[in-house]
Amino acid sequence: MIEGGTYNLGAGRSGAGESASADGPRLGFGAWSFCFFGFAFARAWLEIVTYRSTFLFPYDAWVGEDLFTAAMVIAFIPFALFARKFAPLYSKRHAATTCTVSMIVSGLAFMAASIFPQAAVPLGLLAVIGGGVGSALSILLWAELHSCFEPLRVVLYIAGAFLLGSFIAWVLLDLDLVRLAIVLALLPVLSQVTLRASFSLVPKADLPKNTWGKLHFPWRLLVVLGIYQFVYGAKSESSMPSGELFLLGTIAVSLIVLVIARLVSKRFDFTLLYRTPFVLMMCGLVMTFLSFSGTNSVAGFFIAAGYSLMFLVLTILLCDLSHTYGVSVLVLCGIQNVTLIAIPAGHMVSRMFMGERAMVAVDSTAVTAVLTILVVIATVALFSEKGGFGSWGAAFFGAGDIAEEDARAKLLARCREIAETFGLSPREAEVLEMIAVGKNSAVIERELCIANGTLKSHTRRIYQKLGVHSREELRNLLSA
């Protein structure tokens with residue numbers, strides 16, 4: 001829950017990373033187990049259902065998609081606010097069951113609404129509610145799995161799932177109702193089976209924990225994402241790509257990310273994805289500005305690619321933040337997906353001010369100008385984030401400060417342990433701690449009110465007792 005402007009969240013995990021342990025199987029880089037790409041089944045289900053939701057209410061295609069989005073957002077809110085009660089979600093058996101049942105019921109309700117138009121409204125509501133709950137649980141469960149890996153694996157598995165899932169949806173999108181009902185019932189089952197198999201392959205030391213620290217609520221990031229998605233929704237009625245074109249855009253951008261990640265895996269630091277807002281900013285700019293270009297298929301393709309790339313980058317960012325800082329991915333993904341509500345809000349604005357059914361006659365040029373200003377404001381907000389290019393993603397969530405405080409506390413504890421083991425005097429122990437945290441001689445002399453010769457004498461005795469000859473050797477001892 002929120003207390004004093006902060007969330008109580010996970011402290012950094014020790015031992016999480018690339019190395020294997022005795023607690024679980026070794027995962028070498030070559031272990032491209034298919035089960036780790038099982039998120040593709042959930043992605044395919046979500047893409048198909050989102051597309052089919054536009055047929056639930058024929059009088060207005062956007063109503064079905066808007067209701068589905070709203071249901072999913074509502075389902076994410078409890079996980080963002082009360083993650084302490086739910087994390088780790090993968091260990092709660094009822095979560096997987098609820099997810100699978102909700103998605104199956106939703107898929108069957110979508111099909112039934114097409115077969116029985118006289119009951120389309122109640123069946124449609126059942127479909128969007130079940131789909132919203134099932135989709136939210138599925139996304140969070142898979143996010144917990146992805147948060148177990150280092151950045152490169154996160155990029156490979158998520159980009160691969162986006163690619164495979166979009167391809168499956170593209171192939172199956174226009175199946176007849178009977179076959180599509182069978183597919184929508186099978187995909188959630190396949191997703192959960194591969195999810196369970198994937199968790200069984202992760203070493204215990206790397207599994208999501210239920211330990212907690214503190215995290216600042218990222219209001220600014222919410223506003224920025226909300227603006228991008230509001231503009232996207234506002235322009236979507238006139239320039240929104242078709243279902244097939246949207247999937248092709250997602251396939252293209254996922255394939256590019258996957259190939260680049262595989263080719264440069266040994267030469268590129270993937271934490272750069274969240275050390276700068278540049279990638280996210282460019283996704284937002286490309287997506288929103290191309291939406292002003294009209295209804296041509298080329299613009300629609302790039303809009304879909306920009307939108308997919310933005311969410312691909314965000315998902316990678318949040319999973320890696322969770323892995324690096326031990327922050328609950330339930331909160332991070334919950335916050336990210338709550339901003340989806342801005343898309344239906346954009347649809348409402350579009351219906352009011354633009355299009356054939358505009359309720360208020362306003363020049364579309366003026367509306368476009370306002371939306372452009374909003375995009376520029378959001379972009380400036382990304383660049384002006386305190387901490388800039390140092391640890392931009394972590395800075396938004398306050399996770400970088402938490403990690404630094406935690407590392408400092410561990411370092412000082414290590415200094416006290418060494419001082420006791422090697423019999424340092426109280427003053428020598430104090431000097432050791434100040435050297436360990438990186439203070440230079442002038443600062444130490446000033447803070448301890450001692451002469452330079454006295455400091456040199458303390459330092460010499462510390463080196464003699466610890467058996468080291470330089471600050472570098474001392475740092476190596478402290479980090480051992």
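Computed from a prediction, not measured in an experiment: that's the story for all the values here.

Thresholds, definitions, all that
Residues numbered from 1 in each chain as written. Predicted model: local features only at pLDDT ≥ 70, side-chain atom pairs only at ≥ 80, totals over all residues. Heavy atoms only, no water. Helix = DSSP H or I, 4+ residues; strand = E, 2+ residues; numbered from the N terminus. Buried < 20%, exposed > 50% of the residue type's maximum accessible area, 1.4 Å probe, protein only. Salt bridge = Lys/Arg side-chain N within 4 Å of Asp/Glu carboxyl O. Phe/Tyr/Trp six-rings, centres within 6.5 Å; stacked < 30°, edge-to-face > 60°. Axes fitted to C-alpha atoms, helices over the stretch in contact; angles between N-to-C directions. Parallel < 35°, antiparallel > 145°, perpendicular 65-115°, else oblique. Contact = heavy atoms within 4.5 Å. Nonpolar A, V, L, I, M, F, W, Y, C, P; charged D, E, K, R; others polar. pLDDT = per-residue confidence, 0-100.

Now for the overall build of the protein chain. From N to C terminus, the protein chain includes 21 helices and three strands. Burial status across the protein chain gives 53% buried among its 480 residues.

Counting across every chain of the model gives seven salt bridges. Across the pair E417 and R414 runs a salt bridge, and its minimum N-O distance is 3.5 Å. With a gap of three residues between them, E417 and R414 both fall in helix α17 (residues 399–421), about one helical turn apart. Residues participating in the shared-partner salt-bridge network are E428, R461 and K465.

Below, the discussion takes up the packing of aromatic side chains. Here the structure, examined in full by the defined rule, presents eight aromatic pairs. For the pair F39 and W142, a centre-to-centre distance of 5.9 Å together with 40 degrees between the ring planes defines the contact as tilted. Of this pair, F39 sits in helix α1 (residues 39–52) while W142 sits in helix α5 (residues 120–146), and the two are 103 residues apart along the sequence. W142 carries the same exposure label as F39, and that label is buried. On the basis of an interplanar angle of 15 degrees and a centroid distance of 4.5 Å, the ring pair of Y90 and F199 is categorised as stacked. Of the two residues, Y90 is situated in the loop between α3 (83–86) and α4 (93–115) and F199 in helix α7 (residues 177–201); the sequence distance between them amounts to 109 residues.

This next bit is on the packing of helix α18 (residues 426–436) against helix α20 (residues 452–466). Across the interface, α18 lies against α20 with an axial gap of 10 Å and an inter-helix angle of 90 degrees. Comparing the axis directions of α18 and α20 gives the class roughly perpendicular. The residues of α20 that touch α18, namely those facing R427, E428, V431, L432 and I435, are L455, H458, T459, R461, I462, K465 and L466. Considering only residue class, the contact of α18 with α20 consists of six nonpolar, two polar and four charged.

Attention now goes to unusual backbone geometry. The residue after A87, namely P88, is reached through a cis peptide bond having omega -10 degrees. Tracing the sequence through the fold places P88 in the loop between α3 and α4. For C449, which is not glycine, the phi torsion reads 55 degrees and is therefore positive. Within the secondary structure, C449 is located in the loop between α19 (441–448) and α20.

The predicted model of the protein chain averages 75 in pLDDT, with 71% of residues at 70 or higher. Mean pLDDT values for the elements of the protein chain range from 34 in strand β1 (residues 2–3) up to 90 in α7. Segment residues 1–31: pLDDT under 50, and 88 contacts once partners within four positions in sequence are set aside and those in other chains are kept.

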